[in-house]
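Results of the structural survey
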Amino acid sequence: MSDYGKILPDNSFDYSSDLPELLTRYANDNFQKTKCVYEYSNRINGESAHSMKIHYFQEGHTLIEHTYWESNSTELRLKDVRISEVYYLIHQFVKDTGENILQLDDSSLRNPNAYKDWTSCVGELVGNGCGIELYKDSENDYTIIFDFPCC
């Protein structure tokens, strides 16, 4: 976060509010966008319950920005990468973060579950639930999700 000019908060709730934006900025800064962007909104009684904005990149990666009533998350699907690259990337994202804010599960980070499994938390926001999820989609495809677990 400090590499993007963010001040590191001293609690996990404030820290988590910047996580989804951080993943979006990373993808936009490091991959070549295509003009292919889809938007979807699910409404209940005229109000949005879940909105998604899906961005496709020339490298084959996909960024999905989710907005819910109470929170938001960002999902980055990486194509044709090694788990060591994903491991290093997540560690780079949280390198300045204290263990009193975020605790990484090294075993889950090295061996992520398949996406069909309901949850695969690799980064626990102390006192606020899961902040970073990681899934293995196929042999060399992984999905990183940064959550803002509101309220």
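The preceding data block contains the structure.
What comes next is a walk through the structure. Here the structure is a predicted model, which means the values were calculated and not measured.

So, the environment of Asp147
Looking at the secondary structure, you find Asp147 in strand E9 (residues 141-148). Asp147 gets classed as buried once you look at its relative accessible area, which sits at 13%. Put simply, Asp147 and Pro20 are 127 residues apart on the chain and 6.1 Å apart in space, counted from C-alpha to C-alpha. Setting aside chain neighbours within four positions, we find Asp147 in contact with Ser16, Leu19, Pro20, Asn72, Ser73, Leu125, Cys130, Gly131 and Glu133.

A look at the pattern of salt bridges
Any two side chains of opposite charge can pair, so long as their charged atoms come close to each other. Summed over all chains, the structure comprises four salt bridges. With a closest N to O distance of 4.0 Å, Glu21 and Arg25 form a salt bridge. Pair noted here: Glu21 and Arg25 are both in helix H2 (residues 19-30), with a separation of four residues, about one helical turn. On the basis of relative accessibility, which here comes to 36%, the residue Glu21 falls in the partly exposed class. Asp106 serves as the salt-bridge partner of Arg110, at 2.7 Å between the closest nitrogen and oxygen. Of this pair, Arg110 and Asp106 both sit in helix H4 (residues 106-110), four residues apart, which is roughly one turn of that helix. By relative accessible area, which is 48% here, Arg110 ends up partly exposed. For Asp106, a relative accessible area of 32% translates into the label partly exposed.

Reading the values: the criteria
Residues numbered from 1 in each chain as written. Predicted model: local features only at pLDDT ≥ 70, side-chain atom pairs only at ≥ 80, totals over all residues. Heavy atoms only, no water. Helix = DSSP H or I, 4+ residues; strand = E, 2+ residues; numbered from the N terminus. Buried < 20%, exposed > 50% of the residue type's maximum accessible area, 1.4 Å probe, protein only. Contact = heavy atoms within 4.5 Å. Salt bridge = Lys/Arg side-chain N within 4 Å of Asp/Glu carboxyl O.

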